[in-house]
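# Observations on chain architecture
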Amino acid sequence: AAKARTAYVCAECGADYSKWQGQCGECGAWNTLSEFVVEPAAKAGAGASVAASRRAGWAGRADAPAVTALKDVRHSEEARVGTGIGEFDRVLGGGLVPGAVVLVGGDPGIGKSTLLLQAIVRMAQSMPGLYVTGEESLSQVAGRGARLGLPLDGVHALAETCVERILEHAASMRPALIVADSVQTLWTEQLGAAPGSVSQVRESAARLVRYAKETGTSVFLVGHVTKEGGIAGPRVLEHMVDAVLYFEGESGSRFRVLRAFKNRFGAVNELGVFAMSDKGLREVPNPSAIFLSGSRGPQPGSCVMVTREGTRPLLVEVQALVDSSPLSNPRRVAVGMEQNRLAMLLAVLHRHGGIAVGDQDVFVNVVGGIRVQETAADLPVLLAVLSSLRDQPLAEQTVAFGEVGLSGEIRPVPNGEDRLKEAATHGFKRAIVPKGNTPRGGRIGEMEVIAVERLSEALDAA
Ligand code: TYD
Ligand code: MG
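Keep in mind that this is a model prediction, so the values were computed, not measured.

### Side note on the domain arrangement of the protein chain
- According to the domain assignment, the protein chain contains domain 1 (5-62), domain 2 (78-283) and domain 3 (302-461).
- Between domain 2 and domain 3, the C-alpha centre-to-centre distance is 36 Å.
- Each side of the interface is counted separately: domain 2 has ten residues, and domain 3 has eight residues.
- In terms of residue class, the side of domain 2 that touches domain 3 is made up of four nonpolar, three polar and three charged.

Here you go:
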């Protein structure tokens, strides 16, 4: 039989080479090549590339390549299995699809192991589960389960990091669900590289993915986010799995947010919200106002926005601190939003709002450890900055949302009316919004809606 060979694969773009080289010839990235095992492809011929063998893994049998009218292809609405945790199901797109591989990433200590232990225990009633731990001992896992008061009878656990041995156990036990905690601890005998290296993590994950696809077993891979923000090296795992979920939150806050970053079986950017407790993660099915700081009365440098991450509107507070800088190159620090976006917004504020912060440090923080990715945060961020700069709070009970364009225009955002209704429900009295989001009748219940087209109008209104 043909032997497996090794190839060198670029972690950025996936190009493969037979020899190691310092720079990837495809994408030009440096030091991104790492060793990777290429299985001898049964039918695909000798020159099978890594990509081809990976594709074969997805497509299943290589011997049935018949062309078929798509409408005649038999398919079933994927049967989904609930995790028993509504917010988790929401982020998965309505439950776990059998055979799906889901990567759950997040900072160490954020609660990944807790969440997955809770889920596997609940799911054990309908699908036998195997919890593989490479980080903690079995007694630590059992101890956590007992502390959380979980009924542990249906779940089997295994303390093992070698993928070949994990798959041997899986083959004899035949679980319907495997949790691998964490993918960074896994290694395969096929590679000489050290456990924890990108190539080991990638190849180990690839083996679990292949096993999942061949057997219909669902797999959760737990991944610690590295300092660069990627899981185990730049984006290597994201392409292989069906869904990537990130678990986020502030260490000081008890709220945790699970976000779908990629999902073949559901919407992306869907959010699930949880609260930590001594009995584990509890879902927060109605999270709309938990990301307000709760400070009484209006404060300078604060603006409440209505974001619509996923399918629910959320009220979120943005805080800004603007302070004269001792540095020749003042700081721009954004927590919970993109740094570059902040720099751009400050440039627009200068150019089209006539307000210069070039000699000021600017810090922006989104309360509660949530990350806001949509552009609807632009206007509230600038209003918070202005409020801090002037040391004057915005009028009481004011919310805002809207995208700010480079020429100082305020652009409408999707689902404006939904957002306004949510704010009105929580007692807000005034909303500064893009003209394109004006509701019919010009107001929502008791709430006055101030529609603006230009940044300058918005600053005047504030
Ligand atoms: P853990 O699940 O181990 O985090 P991760 O796997 O992401 O590194 O959780 C970290 C600690 O927090 C752990 O000691 C358990 C504790 N914890 C609770 O007490 N309650 C909770 O709801 C959660 C999520 C964690
Ligand atoms: Mg853990």
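### Observations regarding the site of ligand 1
- For ligand 1, the set of nearby residues contains 13 residues, the closest of which are Gly111, Lys112, Ser113, Thr114 and Met276.
- Elements with a contribution of two residues or more to the shell around ligand 1: helix H3 (112-123), strand E11 (271-277) and strand E12 (280-283).
- The element that contributes the greatest number of residues to the shell around ligand 1 is H3, accounting for three residues.
- When the residues that make up the shell around ligand 1 are grouped by side-chain class, the tally is four nonpolar, seven polar and two charged.

### Details of the sheet that holds strand E17 (residues 398-400)
- Within the open sheet, the eight strands sit side by side as E15-E16-E14-E13-E17-E20-E22-E21. Their pairing is mixed. Every other strand in the sheet has two partners, leaving strand E15 (332-335) and strand E21 (443-444) as the edge strands with one partner each.
- The sheet contact formed by strand E13 (residues 302-307) and E17 spans two bridges and is parallel. Bridge pairing links Met305 to Ala400 in E17.

### A closer look at the UniProt feature "binding site: ATP" (unreviewed entry) in the protein chain
- Within this structure's numbering, the places UniProt gives as "binding site: ATP" (unreviewed entry) are Gly106, Asp107, Pro108, Gly109, Ile110, Gly111, Lys112 and Ser113.
- When you line up the elements, Gly111 lands in the loop between strand E4 (101-106) and H3.
- Here Gly111 falls in the partly exposed class, since 18 other C-beta atoms lie within 10 Å of it.
- Excluding anything up to four places from it in sequence, Gly111 contacts Phe247, Arg256, Met276 and Leu281.
- Among the secondary structure elements, Lys112 is positioned in helix H3.
- The buried category is assigned to Lys112, around which 25 C-beta atoms lie within 10 Å.

### Observations concerning the pairing of strand E7 (residues 177-181)
- Burial analysis of E7 places five of its five residues in the buried class, which makes it a mostly covered element.
- The two faces of E7 match: Leu177, Val179 and Asp181 on one face and Ile178 and Ala180 on the other face are all buried.
- Summarising the sheet, strand E5 (residues 129-133) and E7 pair through five bridges and their orientation is parallel. Paired with Gly129 across the bridge in E7 is Leu177.
- Examined bridge by bridge, E7 and strand E8 (residues 218-224) share five bridges and lie parallel to one another.

### Quick look at the nonpolar core
- Counting 125 residues, the largest nonpolar core has Ile120, Leu221, Leu245, Met305, Val381 and Val385 as its most contacted members.
- The greatest single-element share of this core, amounting to eight residues, is contributed by helix H8 (residues 378-390).
- The contact partners of Leu245, leaving out residues within four places of it in the chain, are Val91, Val102, Leu103, Val104, Leu258, Arg259, Ala260 and Phe261.

### Digging into the pairing of strand E14 (residues 314-324)
- Counting buried positions over the eleven residues of E14 gives eight, a clear majority of the element.
- Of the pairings in the sheet, the one linking E13 to E14 comprises six bridges and is antiparallel in character. By the bridge assignment for E14, Met305 is matched with Val316.
- The turn linking E13 back onto E14 is made up of six residues, and Gly310 within it adopts a positive phi angle of 75 degrees.

### Concerning unusual backbone geometry
- The residue after Asp181, namely Ser182, is reached through a cis peptide bond having omega 0 degrees.
- The phi torsion at Gln397 lies on the positive side, around 60 degrees, for a residue other than glycine.
- With a phi angle near 60 degrees, Asn415 is a residue other than glycine that sits in the positive phi range.
- Here Asn415 lies in the loop between strand E19 (410-411) and helix H9 (416-425).
- Among the residues examined, Asn415 registers 16 C-beta atoms within 10 Å and is labelled partly exposed.

### Points about helix H7 (residues 339-353)
- Its 15 residues give H7 an end-to-end C-alpha distance of 20 Å, which sits within 8% of 21 Å, the value for a rise of 1.5 Å per residue.
- All of the buried residues in H7 are Leu342, Leu345, Leu346, Leu349 and Gly353. Taken end-on, H7 shows its buried residues confined to a sector of 100 degrees, consistent with a single buried face. Seen from the buried face of H7, the exposed residues on the opposite side, beyond 90 degrees, are Asn340 and Ala343.
- Where H7 is buried, its residues touch E15, strand E16 (360-366), H8, strand E18 (403-404) and helix H10 (455-461).

Reading guide: rules and limits
Going along each chain's sequence as written, the residues are numbered from 1 onward. For naming, the first written chain is A and the first written ligand is 1, with later ones following in the order written. Per-residue local features are limited, in this predicted model, to residues with pLDDT of at least 70; the limit for side-chain atom pairs, both in listing and counting, is 80 or more; totals at the level of whole chains, interfaces and linings are taken over all residues. Where each domain begins and ends is defined by an automated method or by a domain database. Here, residue contact means that the backbone-derived C-beta atoms of the two residues sit within 7 Å. Polar here means any residue other than Ala, Val, Leu, Ile, Met, Phe, Trp, Tyr, Cys and Pro, which are nonpolar, and Asp, Glu, Lys and Arg, which are charged; Gly is therefore polar. Nearness rests on one distance test: the residue's C-beta atom, set from the backbone, must lie within 6 Å of the molecule or strand. Starting at the N terminus, helices and strands are each numbered in turn, a helix being any DSSP run of H or I of at least four residues and a strand any DSSP run of E of at least two. What makes two strands pair is DSSP finding at least two bridges between them. UniProt positions are given in the numbering used here, feature names are shortened, and annotations may be inferred rather than shown by experiment. Residues with at least 20 neighbouring C-beta atoms inside 10 Å of their own are called buried, those with 12 or fewer are called exposed, and the rest are partly exposed, where every C-beta is derived from the backbone. By convention the nonpolar core is taken to be a set of buried residues drawn from Ala, Val, Leu, Ile, Met, Phe, Trp, Tyr and Cys and joined through C-beta atoms within 7 Å. What a helix should span is 1.5 Å times the count of its residues minus one. This arc corresponds to the set of directions leading from the helix axis out to the C-beta atoms.

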